[in-house]
Every structure is written in structure tokens, then in C-alpha cells.
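Structural features, examined
The lines below spell out each chain.
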Amino acid sequence: MRIAAIDIGTNSVHMIVVRVRPDLSFEVVDREKAMVRLGAGGLDGRKLTPDAMTSALQALGKFKRLAESHKVDTILAAATSAVREAENGGVFLSQIERQTGIRARVISGAEEARLIHQAAVYGVDVGSGRAVVIDIGGGSVEITLGTATSIELARSFKVGVIRLTERFVKSDPLSERDETRMVKFIEGEIDRHCEQILAAGFDRVIGTSGTILSMGVAAYTAERGAPPSELRNLHVPARHIRRLRKEAVAQTLEARLTMPGLDPRRSDLIVAGSVLLDTILRRLGADELTLCDLALREGLVLDYIRRNKRTIAQVDSIPDVRRRKIGRAHV
């Protein structure tokens, strides 16, 4: 069976196409990504902008054609913070279905956190230990605590990098006053949740999402002089993230555009991103961050497999089964 999973995020739109193996594990056979900044100017109940929606619709149309070329059996599509909050989020979902045939659904912050945790502990072997998983998006941040099989604490906070940048980054480089204001705001949002995590205890911290992976690569490159060969399971000391924050905050956008290891498309968001990640790691007292390149998309796949074992077995048992009409979302 083949499945396409799409994450309609606040900063980026991602899709993976996977083949489900007989043992119900899966392998990624293709992937696509577009940084459309869907949430730019459209958070906190405001409307998604026409330009952002047009860019996202173009990307999703391309994704649909790619999925069809792989003859997928179903498309899973989940929309997160930007669509969740936007005044015209429902209108946008209708446009997606009308123009692409993809039936996307909005998922709650709690559901987003659950799916991300599921993917992270699938990608990183946590053994019998407990892991904190952090996912930084454009509109929200998910922080969970759990094991390989269960989740104890899961929260989504409205402190994503686009939101923080629009609210606090008023100068280039960032002023000390605005940095202090940003930190206080972040701590006010996450403090109680982090207290609960600290009281429960954990063995490691895993970071997912493009923002964290990009910062992890930049921090690693700054220390080693060359980018890592593999991202998954890469261990980045928290002090290297702290060093990256100091550098990013002190630099102008022009300087950040050439920062070794950093995706230039994230050069305007790394200021808020590095302050945010460093603040969370400090609050947790974490010494190290383990990177994981699996996130919401893989979580959607894993959740679908868990809930549809019989359907998957039926599809795989009849090689010439007529392909079901794709475009539906299962989340």
C-alpha cells in the first residue's frame, strides 16, 4: 500500500509518499516541500492573505500530481496553526478541495503534539526511557513527554517563529530590550508545562521540525567546520544552541544569509527560533538535543497504519485491486 501524507503548516507545506511494508513499518519513496509562509500576517484570528493561499494552493496542486504519479491509495492531509486560527480557514480548506481534490482537515494543537511525539519516538530509539519532544513551527510549538508507547504530557503553545518574529523582532539586529521581552513571553507560556515535565523526569530531549533541524545543522557546522552527514540521531550540545543564539541575535539579516549550515530561507526566522529553542532547553535544564527528521507527516502515516491494519492487509493481498479514489484525508 502507498500513502501520501501532507502537513499544511504555518511556515511550510510538506508531503511524503510512503510504501507500507508487510510488517506495517514504512519507507519514504518520495518527498516534496514548499516554504509558502501561509501564516504570515494571518495568525491570531486574522485572515490568511490571498498571496499566501495562492502559493499554498499551487504547492498542493503539485503535491497531488506527484501523489497520483506514485499511484497512492490514499492521501492524508492535516492543517495546523495557521488554518486553525484564521478567520477564513474554512474557506481555504474548501478551496483546497475544489482546486486539488485533497480533503484536508484541521487538527487541534493537542492532536498535533500527539502525532509528532509518535513520529519522533519511532525515528529515535528511546528504549524504555522517557523523552521530551520539541517541535517548533511557524505558529505553534509542541512540547511532549512520553515513552515509546505512551504520552504523559502534551501541549501546544502559540509561540511559533513567525508569530514571535512578527511580534518581537522590530530591529535588525534584534535589540536587547526586545530579546528580553520575547524571552519573558515564551517563559510565561511554557513555564508551568516545563515544571510538570521536570517533576516527572526525562532521559533525553528530541527536536523535530525544519526550524530545529536547520538550527541544529548550523550549530554543528559552526563547531565542526562542516555540516553533518546524517541528521537523525545527531546529538547537539545545548551550549552550541546557546552559542548559535548569541551569534544570530547579534547579526544583521545580511550576515545571517551567509551563516554556514543555515538554510537562507530561514535567515529571518532564526533570531526568534534560536531564542525560543534556547529558552526551552534552559527551562528544561537540558544538556543536549537529539535531532529527528520525522515529524507530523510521519505521525499521520503511523496513526493511519495503527487504525487501518485490516484495510492495509486487504489492499496488499490483492495486487490488482482497483485503486481507491485518492484525495480523502484521514486524521
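Everything below is about the structure printed above this text.
Residues numbered from 1 in each chain as written. Predicted model: local features only at pLDDT ≥ 70, side-chain atom pairs only at ≥ 80, totals over all residues. Heavy atoms only, no water.

Tracing the backbone through its elements, the reader meets His240 in helix α8 (residues 238-250). Take His240: its relative accessible area is 13%, and that puts it in the buried class. (Helix = DSSP H or I, 4+ residues; strand = E, 2+ residues; numbered from the N terminus. Buried < 20%, exposed > 50% of the residue type's maximum accessible area, 1.4 Å probe, protein only.)

What follows concerns the side chain of His70. Looking at the element boundaries, His70 is found in the loop between α1 (50-69) and β4 (74-79). Assessed through its relative accessible area of 18%, His70 is described here as buried. Side chain to side chain, His70 and Arg2 meet in a polar contact 3.5 Å long. (Polar contact = N/O pair within 3.5 Å; in protein donor to acceptor, adjacent residues only side chain to side chain.)

Moving on: α1. Its 20 residues give α1 an end-to-end C-alpha distance of 29 Å, which sits within 8% of 28 Å, the value for a rise of 1.5 Å per residue. Listed in full, the buried residues belonging to α1 are Ala52, Met53, Ala56, Leu57, Ala59, Leu60, Gly61, Phe63, Lys64, Leu66 and Ala67. On its buried face, α1 sits against β1 (2-8), β2 (13-20), β3 (26-34), β4 and α3 (89-100). At the exit of α1 stands Lys71, carrying a positive phi of roughly 55 degrees. (Expected span 1.5 Å × (residues − 1). Contact = heavy atoms within 4.5 Å.)

Applying the stated rule across the entire model yields zero disulfides. Among the cysteines around Cys194, which has no disulfide bond, Cys292 carries the closest sulfur, lying 20 Å off. (Disulfide = S-S within 2.5 Å.)

For the rest of this paragraph, the subject is the pattern of salt bridges. Using the criterion set out here, one finds 26 salt bridges in the structure. Residue Arg84 is joined to Glu112 by a salt bridge in which the shortest nitrogen-to-oxygen separation is 3.2 Å. Of this pair, Arg84 sits in helix α2 (residues 81-85) while Glu112 sits in helix α4 (residues 109-123), and the two are 28 residues apart along the sequence. A relative accessible area of 27% means that Arg84 is categorised as partly exposed. Where Asp303 meets Arg306, a salt bridge forms, and the shortest distance between an N and an O atom there is 2.7 Å. Of this pair, Asp303 and Arg306 both sit in helix α11 (residues 296-307), three residues apart, roughly one helical turn. What you see here is one network of salt bridges that share partners, running through Glu111, Arg114, Asp303, Arg306 and Arg307. (Salt bridge = Lys/Arg side-chain N within 4 Å of Asp/Glu carboxyl O.)

Another aspect to go through is the pairing of β2. With seven of eight residues buried, β2 is to be regarded as a mostly interior element. One ladder, built from seven bridges, connects β1 with β2; its direction is antiparallel. By the bridge assignment for β2, Ile6 is matched with Met15. Relative to β3, β2 runs antiparallel, the two sharing eight bridges. Residue Val18 lies in a different strand from β3, and its bridge partner there is Val28. What sits between the antiparallel neighbours β2 and β3 is a turn of five residues, in which Leu24 has the positive phi angle 70 degrees. (Pairing = 2+ DSSP bridges.)

For the rest of this paragraph, the subject is the packing of α4 against α11. Their axes nearest at 7 Å, the elements α4 and α11 cross at an angle of 90 degrees. Our classification of the angle between α4 and α11 gives roughly perpendicular. When α4 is examined against α11, the residues Glu112, Arg114, Leu115, Ile116, Gln118, Ala119 and Tyr122 are found in contact with a partner set consisting of Leu296, Glu298, Gly299, Leu300, Leu302, Asp303 and Arg306. Its residues placed into classes, the contact of α4 with α11 shows seven nonpolar, two polar and five charged. (Axes fitted to C-alpha atoms, helices over the stretch in contact; angles between N-to-C directions. Parallel < 35°, antiparallel > 145°, perpendicular 65-115°, else oblique. Nonpolar A, V, L, I, M, F, W, Y, C, P; charged D, E, K, R; others polar.)

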